[in-house]
There are 2 protein chains.
Amino acid sequence: MGRLVIVLTVVLAITSANGCGSRANVDLAKEEAAIRKTDADWLAASTAHDLERVLPFWADDATILSPGTPPIVGKQAIRQYVAGAFATPGFSISWKTEKIELSNSGDMAYSTGTDRVSFTTPDGKSMTQENRAVAVWKKQPDGSWKCVMDVMNAAGPANAK
Amino acid sequence: MGRLVIVLTVVLAITSANGCGSRANVDLAKEEAAIRKTDADWLAASTAHDLERVLPFWADDATILSPGTPPIVGKQAIRQYVAGAFATPGFSISWKTEKIELSNSGDMAYSTGTDRVSFTTPDGKSMTQENRAVAVWKKQPDGSWKCVMDVMNAAGPANAK
């Protein structure tokens, strides 16, 4: 029986190290750190107003739900939307991401946070809008995390600075 | 070797039928149907303005992000918020849920849709607000699905009916 026990032990070790075993042992802390790093890179690209660096952080079929505008669906619509924002006089954006919660499989997550968007009105007034934001993230086949749903609403009326 | 092959086959069959095997075979279509059923029950309770039936659809630590109000965090704050809405003259709510996307593990999902909230202003005008909404759902230890994040924004200005 000795040899059989060794064989069984090896088989069990192999099956638990493979496929479903690794799924059960997803390192969620590592995935959360990966999302926070991605989000920080996204923020840096956004504050730099670098359209080509910003766009890949949304999945190709992502949706932005921005107050008062029709849903912005897909990469081409997002490109137009972001290019328009970057071209707005006095535009700036910053955000702080707070909570990130992951699914057990480590392939979906959502994050919450706040953002601040500033712009200059046609009559030269500098306005700032504070928003609350929720992003839904999906892990891509290449292991990167991308935003699939990007929704925000106003904390209150926009304020003149 | 014949007996060893049989033993190994049995071991592999047992390990793949257990634990991680069932996780790999989550029936996502069944989970999506469960969320749609839950959402329909939630809508029915909401249109009936039945506070005690409505509240359990949010998780105890759920957050509602409603435009222009501070985040509504936790069951007690949600109770006050919903009770206030139901007490608003002319209040009604309805919604349509569109897409539901699940994590591979079938324990997290998000849904998108639109809602319509009507109310009567103090000077007797009936107003209707159209919103876009995103809900994040988490499967609970008892197998039920609850909303953990409920965020919406306005499709445009509120309209007088």
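Residues numbered from 1 in each chain as written. Chains lettered and ligands numbered in written order. Predicted model: local features only at pLDDT ≥ 70, side-chain atom pairs only at ≥ 80, totals over all residues. Heavy atoms only, no water.

Draft legend 1. How the structure looks around the overall build of chain A. Helices and strands together make up the secondary structure of chain A, namely five helices and seven strands. Its helices and strands taken in sequence order, chain A reads α-α-α-α-β-β-α-β-β-β-β-β from the N to the C terminus. The buried share of chain A, taken over its 161 residues, is 41%. Of the roughly 8,100 Å² that chain A leaves accessible, carbon and sulfur atoms contribute 59%. (Helix = DSSP H or I, 4+ residues; strand = E, 2+ residues; numbered from the N terminus. Buried < 20%, exposed > 50% of the residue type's maximum accessible area, 1.4 Å probe, protein only. Areas by Shrake-Rupley, 256 points an atom, 1.4 Å probe, with all protein chains shown as cover.)

Draft legend 2. Local environment of the nonpolar core. Counting residues in hydrophobic clusters, the biggest one holds 72 residues, and the most contacted among them are A:Trp58 and B:Trp58. Apart from residues lying up to four places away in sequence, A:Trp58 is in contact with A:Trp42, A:Ile64, A:Lys75, A:Ile78, A:Val82, A:Lys146, A:Cys147 and A:Asp150. (Core = buried A, V, L, I, M, F, W, Y, C linked by side-chain atoms within 4.5 Å. Contact = heavy atoms within 4.5 Å.)

Draft legend 3. Region of the structure containing the packing of aromatic side chains. All told, the structure shown has 10 aromatic pairs over all chains when counted by the stated rule. Arranged with centres 5.8 Å apart and planes meeting at 15 degrees, the rings of A:Trp42 and A:Phe57 form a pair that is stacked. Within this pair, whereas A:Trp42 is found in helix α3 (residues 28-47), its partner A:Phe57 is found in the loop between α4 (51-54) and β1 (58-65), the two being separated by 15 residues in sequence. Of the two residues examined, A:Trp42 and A:Phe57, each falls in the buried class. Between the aromatic rings of B:Trp42 and B:Trp58, the centroid separation amounts to 5.0 Å while the plane-to-plane angle is 90 degrees, which identifies the pairing as edge-to-face. With B:Trp42 in helix α3 (residues 28-47) and B:Trp58 in strand β1 (residues 58-65), this residue pair connects regions lying 16 residues apart in the sequence. For the pair shown, B:Trp42 and B:Trp58 are each scored as buried. Taken together through their ring pairs, the aromatic side chains of A:Trp42, A:Phe57, A:Trp58, A:Trp95 and A:Trp137 make up a single cluster. (Phe/Tyr/Trp six-rings, centres within 6.5 Å; stacked < 30°, edge-to-face > 60°.)

Draft legend 4. Representation of α3(A) within the structure. Residue and element names in this part refer to chain A. Look at α3: 28 Å from first C-alpha to last across 20 residues, which is about the 28 Å you get at 1.5 Å a residue. Taken together, the buried positions of α3 are occupied by Glu31, Ile35, Thr38, Asp39, Trp42, Ala45 and Ser46. Angularly, the buried residues of α3 cover 120 degrees about the axis, an arc narrow enough to put them on a single face. Set apart from the buried face of α3 by more than 90 degrees, the exposed residues are Ala29, Lys30 and Lys37. Structurally, the start of α3 carries an N-cap: the backbone nitrogen of alanine 29 is 3.3 Å from a side-chain oxygen of aspartate 27. One or two residues past the end of α3 sits histidine 49, with phi positive at roughly 55 degrees. (Expected span 1.5 Å × (residues − 1). Arc of directions from axis to C-beta. Polar contact = N/O pair within 3.5 Å; in protein donor to acceptor, adjacent residues only side chain to side chain.)

Draft legend 5. Looking closely at the pairing of strand β3 (residues 92-102) of chain A. All names here are of chain A. Looking at chain direction, β3 and strand β4 (residues 108-120) are connected through nine bridges and run antiparallel. By the bridge assignment, threonine 97 is partnered in β4 with glycine 113. From the end of β3 to the start of β4, which pair antiparallel, there are five residues, and glycine 106 there has a positive phi angle of about 65 degrees. (Pairing = 2+ DSSP bridges.)

Draft legend 6. Summary view of the side chain of A:Thr112. Position of A:Thr112 among the secondary structure elements: in strand β4. Since its relative accessible area comes to 10%, A:Thr112 is described here as buried. If sequence neighbours within four positions are ignored, A:Thr112 has contacts with A:Lys96, A:Thr97, A:Glu98, A:Lys99, A:Ala133, A:Val134 and B:Met149.

Draft legend 7. Up close: the state of the cysteines. Summed over the entire model, instances satisfying the criterion amount to zero disulfides over all chains. With no disulfide of its own, A:Cys147 has B:Cys147 as its nearest cysteine by sulfur position, at a separation of 18 Å. For B:Cys147, a relative accessible area of 0% translates into the label buried. (Disulfide = S-S within 2.5 Å.)

Draft legend 8. View of the pattern of salt bridges. All names here are of chain B. Applying the stated criterion across every chain yields a total of 18 salt bridges over all chains. Across the pair lysine 99 and glutamate 101 runs a salt bridge whose closest N-O atoms are separated by 3.4 Å. Classification of lysine 99 by relative accessible area gives partly exposed; the value is 33%. Classification of glutamate 101 by relative accessible area gives buried; the value is 17%. (Salt bridge = Lys/Arg side-chain N within 4 Å of Asp/Glu carboxyl O.)

Draft legend 9. Looking closely at unusual backbone geometry. With a phi close to 55 degrees, A:His49 is a non-glycine residue in the positive phi region. Along the polypeptide, A:His49 turns up in the loop between α3 and α4.

Draft legend 10. Structural detail: the environment of A:Lys75. Residues and elements named next belong to chain A. Inspection of the secondary structure assignment puts lysine 75 in helix α5 (residues 75-87). As for lysine 75 and threonine 88, which are separated by 13 residues in sequence, their C-alpha atoms are 20 Å apart. If we skip the residues at most four places from it in the chain, lysine 75 touches Leu55, Pro56, Trp58, Ala59 and Asp60. Side-chain polar atoms of lysine 75 contact the backbone oxygen of leucine 55, separated by 3.3 Å.

Draft legend 11. The confidence of the model for chain A, seen in detail. Residues and elements named next belong to chain A. In this model, chain A carries an average pLDDT of 90, and 84% of its residues clear a pLDDT of 70 or more. The low-confidence segment residues 11-22 (pLDDT under 50) makes 15 contacts with residues lying over four places distant or belonging to another chain. Predicted complex metrics record ipTM = 0.85 and pTM = 0.86. (pLDDT = per-residue confidence, 0-100.)

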